[in-house]
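Structural features, examined
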Amino acid sequence: MLSKLLERLVSEQLVKYLTDNRLLPNRQSAYRKFHSTETAVLRVLSDILTALDSGILAMLTLLDLSDAFDSVDRNILLHRLYTSYGLGGVVISWFTSYLTGRTQCVRSSESSSKPSEVLYGVPQGSVLGPILFLLYTADVLQLVKSHQLSSHVYADDTQIYGFCQPSDIDALQERMSVCIVDVISWMMANRLQINPAKTEVLRCSSARRRHQVSQYVLATHLCCQCPSFVTLGSTLTLI
């Protein structure tokens with residue numbers, strides 16, 4: 001289709017602009033050349049194993065969003081494209097036209113509903129939708145970094161993790177709790193919603209230090225503790 005071809009041309013120019021100006025988040029692995037679920041999982045696993053080999057403890061929290069692509073506020077997205085990524089003039093006008101004025105309806109074999117305007121979200125199944133979502137949520141990475149924690153994101157899956165000496169586990173727990181609360185607040189302010197059923201926390205240690213990992217509850221009821229969970233197709237288990 002002609003529309004897909006146009007989107008692909010715009011996407012290539014947009015990604016080139018973002019790459020040349022180093023505007024793409026380096027801890028986001030989705031929908032980018034040479035990035036995949038494998039790079040995301042390997043980076044997080046490598047960081048954790050390196051920490052455990054040096055005798056320190058790790059804590060990993062996995063956050064997942066509900067209907068993330070359908071919840072994007074287009075006004076916020078367009079403002080962010082202009083202020084954070086320097087897209088103005090004809091470019092921002094084109095993206096405004098691309099995102100707005102869309103309608104949807106329900107069709108059956110004999111009839112269809114009255115079309116209604118789609119007010120939120122990026123177009124599903126589009127070429128540009130995924131990269132626009134990445135730009136919409138890129139600030140989460142800086143928010144996590146401000147709490148002296150690390151993160152890696154794949155689409156709407158966010159992995160937040162940190163390390164500490166065994167004697168500082170309570171401080172790490174507190175820092176993780178505050179970070180998660182701030183991330184949830186950011187998500188709510190941007191019309192995104194955490195999926196409680198897929199939000200989990202994993203405590204990581206070597207076998208000989210497992211007794212030093214105390215039981216705790218993060219400062220949000222959204223997280224559940226578990227010995228292992230599946231993330232991006234791979235199972236992570238307490239070491």
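Residues numbered from 1 in each chain as written. Predicted model: local features only at pLDDT ≥ 70, side-chain atom pairs only at ≥ 80, totals over all residues. Heavy atoms only, no water.

Comments concerning the confidence of the model for the protein
Atomic detail in the predicted coordinates should be set aside for any region of low pLDDT. In the predicted model, the protein carries a mean pLDDT of 83, and the fraction of residues at 70 or more is 85%. Per-element mean pLDDT across the protein ranges from 46 in strand β8 (residues 224-225) up to 96 in helix α3 (residues 74-83). A low-confidence stretch, residues 215-230 stays under pLDDT 50, and its non-local contacts, those more than four residues away or across chains, total 54 contacts. Across residues 232-239, where pLDDT falls below 50, the model places 34 contacts with residues more than four positions away in sequence or in other chains. (pLDDT = per-residue confidence, 0-100. Helix = DSSP H or I, 4+ residues; strand = E, 2+ residues; numbered from the N terminus. Contact = heavy atoms within 4.5 Å.)

Digging into the nonpolar core
Ranked by size, the top nonpolar core spans 49 residues in total, and within it L81, F95 and L132 carry the most contacts. When contributions to this core are tallied by element, the ones reaching two or more residues are α1 (2-20), β1 (57-66), α3, α4 (89-99), α5 (129-137), α6 (139-146), β5 (157-164) and α7 (169-189). With residues near it in sequence (within four places) discarded, L132 still touches L77, L81, F95, Y98, L99 and V122. One finds I48, L52, L60 and C204 within the second-largest nonpolar core, a separate group that totals 8 residues. (Core = buried A, V, L, I, M, F, W, Y, C linked by side-chain atoms within 4.5 Å. Buried < 20%, exposed > 50% of the residue type's maximum accessible area, 1.4 Å probe, protein only.)

Some points on the environment of L132
Mapping L132 onto the fold places it in helix α5. The class for L132 is buried, based on a relative accessible area of 0%. C-alpha separation for the pair L132 and L77, spaced 55 residues apart in sequence, amounts to 7.8 Å.

So, the pattern of salt bridges
Inspection of every chain in the model, using the stated rule, returns 3 salt bridges. Linking R43 and D47 is a salt bridge whose minimum nitrogen-to-oxygen distance equals 3.3 Å. Placement of both R43 and D47 in helix α2 (residues 37-53) is noted, with a separation of 4 residues, approximately one turn of the helix. Overall, the relative accessible area of 36% leaves R43 in the partly exposed class. When the shortest N-O distance is used, the salt bridge between R80 and D139 registers 3.9 Å. Residue R80 is located in helix α3, and its partner D139 is located in helix α6; the two are separated by 59 residues in the primary sequence. (Salt bridge = Lys/Arg side-chain N within 4 Å of Asp/Glu carboxyl O.)

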